[in-house]
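Residue strings, one per chain:
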Amino acid sequence: MGLRGLLFFNAIFALLPITVFAGAVVEGRVELPKSHFAPVMAKRYEIVTTGGVLSPQPPVAVVYLDGSFAKPPSPATKQIAQKDLTFLPSLLPVQVGTRVEFPNLDDTYHSIFSYSPAKRFDVGRYRPEERPIPSEVFDTPGLVTLRCDIHEHMRGLILVLNTPYFVVTSPDGRFRLSGLPSGRYALKAWINSKTTREQPVELEADTVLHVDFP
Amino acid sequence: MNSPAEANKRGVVRFRTKLVGAMMLVVLALTALGLYFTQRKVAATAERDLQENFQAKLVSLHKIQELRHTALTERCGELVSKPRIHAALEDNALDLLYPSAKDELRDLMEEPEPSQAEAADSLHARFYRFLDATGAILSPPNPQDVGELGAEVKAQLALKKLPETQQIGYVSETSDASDEAVDEVMVVPIFSTETGEVISALVVGFKPFEVISKSAGPGLKSGIWMNGRLHLPSVPKSAQSAIGDQIANAVSKSDSVQNNINVTINGAPQLLFYKLLNPESLFPPAYEICLYPLTESVAQQRRLRWQIGGAGALLLLGGFVVSHLVAARLSVPVEKLALDSEKDRLQRRRAEAALASTSEELERSARYSADASHQLKSPVSVLRAGLDSLLGREDFKPEVYHELSALLHQTYRLTGVIDDLLLLSRVDAGHLQIEAEPVNLGELIEEWLDDLSALPDSPEMKIEKELPAEIYVAGEKRYTSLIVQNLLENARKYNRPGGCIRVAARRDIAEVVLTVGNTGRPIAQTAQQHIFERFHRGAPVSDISGHGLGLNLARELARLHGGDLRLLRSDNDWTEFEVRFRVARPSLRRAAEVA
């Protein structure tokens, strides 16, 4: 089962706060940069670099509620797999302290490393059946660029966030964040490595706030 | 007689000398020409061989160099595409740049440093550095890991801007003059995977390629000339600066990136080849210098020149000997010719004198014979006239008349002899000219036969004729008639009573053959060969008149007419003569007919 099941599990997990706590909800649409590519049927993203900017393709954004929130008592574990010589997903937002596993689903070696200031690591080269699955804990907020030492074209992004409230928009830019705490915050939309938009929001319990990022 | 012979001898000697001289000149010219062309050809061949040899060595050298360069380029290109190096540069992790590169360049840097002789084949790097976006050197955290550099080299390495393409440069360290080092530097631009711009450059320094001459023997040496300085370790320091100046001179004069010049190192001539190593480089131009010693080739050429000279001298000597021999050989016939011509001249002179005297004698004899016949004829005429007048008298006894008549007959005979002698003397003197005209032979014969039959003492005899209707011969009628008369008279004279005469004429190609046969006692076998001699008579028959000149005269005349007279047969009561005349030419005959 693997990936699909995991993703499904993740989605259920993300929706839990809405039903349980019924906090504030923000929904809206992020105006995404125009894609030059035909829409990808499978929900797979790649990181492309154009003009020194790393961005997911087809374009999606990560919308998150910025602020200082308590770390979860038990660190979550997420996965970025390597499949068909790409990272899957290619863009992964995580809360600080999250452990990310890098399962190798290809038939070849991979050697994932990052020289990004937010996280420098090098898991070394490993085979598909390597156990335990190589993993790293990301405890500094920032953008981490993943590279493979063997396949120089491979790029993956991990957006390490302070907040547990974040969501990846749909390809048309729509998002919905629910179960949010009340108060004044900055709602941010990360669009690519150079662009993060910001909107101040005032959240109230059981209200749905509509915020668009033009 | 003596002086012309000596003159001849002198002439022969002169001729021989001239011949030898001329031949020597030719030999000399040919030898000189041959030597000149041989020398030129040899020199050209030597030059071409040298160039080919040099080029071959150079080509093989360049091939190795090229291979090494290609390997280095490939290696450096590989290095600059390494994800870790890109990650360090692009992900703002410059502190990880050198550590990452250390891993990637480990094979280049940590290879044991090769010996000087192996440096050419090795890809061992002496140092490496990265340049930042402005072209300045990014300082390594631990210089000993990446190869330490002096300040001077660092200054040479820094570029004003980052290159877009790979650059080759040469840097030298002159701080320690005793151990001057040149490094070949390869600068490879690093393009950002994110922006596509040049964000850095990898600089790798290698030992430059140099062919080390084995055991200081003759061979190719290579070095580098840059910034006005020559770096050629195998050449003594003192010579380096001198050659450096010559190269600077040659480079400044010509725009070509490569050329040959001749230089002299410690008195030994060398062929020097220079070639720009880094055209269009951001680094100052550096020239590859190759030295090829010419000592051997010069020595070889000198040896060849001596050999050619020796061969030429031998050739000249051989030519001299041969021309001498040939001249001697050639002058032998000339000498002989000269002697012979001298002899010939003498003989000719003698022959001429003899001829003159003979001619004189002949003239004299002809005149004598003419005078003689004249002197003879006059008394005979007087004698005959006297006898005639005596016969006219009537007071003699009848026996006296008989005697007188016999005497008169003898005077006629004498006249005939004299006439014949006169004619013969003219024939002998060659004074008798034949004026050929067509003569009707048949008519002539008929006339004479008529005359014969009319003679008073003619015996009874049968005459057979076999004559064509018209038969013309070429000749003078007078003499032709004389021949015919002689033959017919003989046939009558020597015939027997009741015998026969047979006359026949026929054409035989260009001749007319006339045969006259008669019955009668044949001519004795022994006498047959003498019958054409003068004063010879076929038979000692006293009753037959004749003086022994007729046949001789007839034959001489026949021969004068281009024909001949001979005895066909004389046996069994039959004697037959044959005379041949030339047939008259038709034109002549026609002319005669018209006349």
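Preceding block: the structure.
Residues numbered from 1 in each chain as written. Chains lettered and ligands numbered in written order. Predicted model: local features only at pLDDT ≥ 70, side-chain atom pairs only at ≥ 80, totals over all residues.

1. Observations concerning the overall build of chain A
- A tally of helices and strands in chain A yields one helix and 19 strands.
- Expressed as a percentage of its 214 residues, the buried residues of chain A come to 38%.
- Pairs at least 24 apart in sequence give 62% of the contacts found in chain A among residues at least 6 apart. (Helix = DSSP H or I, 4+ residues; strand = E, 2+ residues; numbered from the N terminus. Buried ≥ 20, exposed ≤ 12 C-beta atoms within 10 Å, placed from the backbone. Contact = placed C-beta atoms within 7 Å.)

2. Side note on the interface of chain A and chain B
- Counting residues at the interface gives 13 residues for chain A, matched by 13 residues for chain B.
- Secondary-structure elements contributing two or more residues to the side of chain A that touches chain B are β10 (110-116) and β13 (142-148) of chain A.
- Counting residues per element, the side of chain A that touches chain B draws most heavily on β13 of chain A, at three residues.
- When the residues that make up the side of chain A that touches chain B are grouped by side-chain class, the tally is four nonpolar, five polar and four charged. (Nonpolar A, V, L, I, M, F, W, Y, C, P; charged D, E, K, R; others polar.)

3. Examining the pairing of strand β17 (residues 183-192) of chain A
Residue and element names in this part refer to chain A.
- In terms of burial, β17 is largely enclosed, as seven of its 10 residues are buried.
- Bridge count for strand β4 (residues 62-66) against β17 is five bridges, and the pairing is antiparallel. The partner of Val 62 across the bridge, within β17, is Trp 190.
- Between β17 and strand β18 (residues 195-203), which follow one another and run antiparallel, lie two residues. (Pairing = 2+ DSSP bridges.)

4. Focus on the sheet that holds strand β8 (residues 258-265) of chain B
Residue and element names in this part refer to chain B.
- Across the sheet, five strands lie side by side as β7-β6-β10-β9-β8; this open sheet has antiparallel pairing. Two strands lie at the open edges of the sheet, namely β7 (229-231) and β8, each paired on one side alone. Across the sheet, the mean angle from the axis of one strand to that of its neighbour is 30°, orientation sign disregarded.
- Pairing geometry for strand β6 (residues 221-226) and β7, over three bridges, is antiparallel. (Axes fitted to C-alpha atoms, helices over the stretch in contact; angles between N-to-C directions.)

5. A look at the packing of helix α10 (residues 441-454) of chain B against helix α11 (residues 477-493) of chain B
Residue and element names in this part refer to chain B.
- One can describe the packing of α10 onto α11 by two numbers: an axis separation of 10 Å at closest approach and a directional angle of 40°. Judged by the inter-axis angle, α10 sits oblique to α11. Here α10 runs over α11; the crossing is right-handed. Taking contact as the criterion, the partners of Leu 444, Ile 445, Trp 448, Leu 449 and Leu 452 in α10 are, on α11, Thr 480, Ser 481, Val 484, Gln 485, Leu 488 and Arg 492.
- Of the residues contributing to the contact of α10 with α11, the split by class is seven nonpolar, three polar and one charged. (Parallel < 35°, antiparallel > 145°, perpendicular 65-115°, else oblique. Left-handed = near helix turned anticlockwise from the far one by under 90°.)

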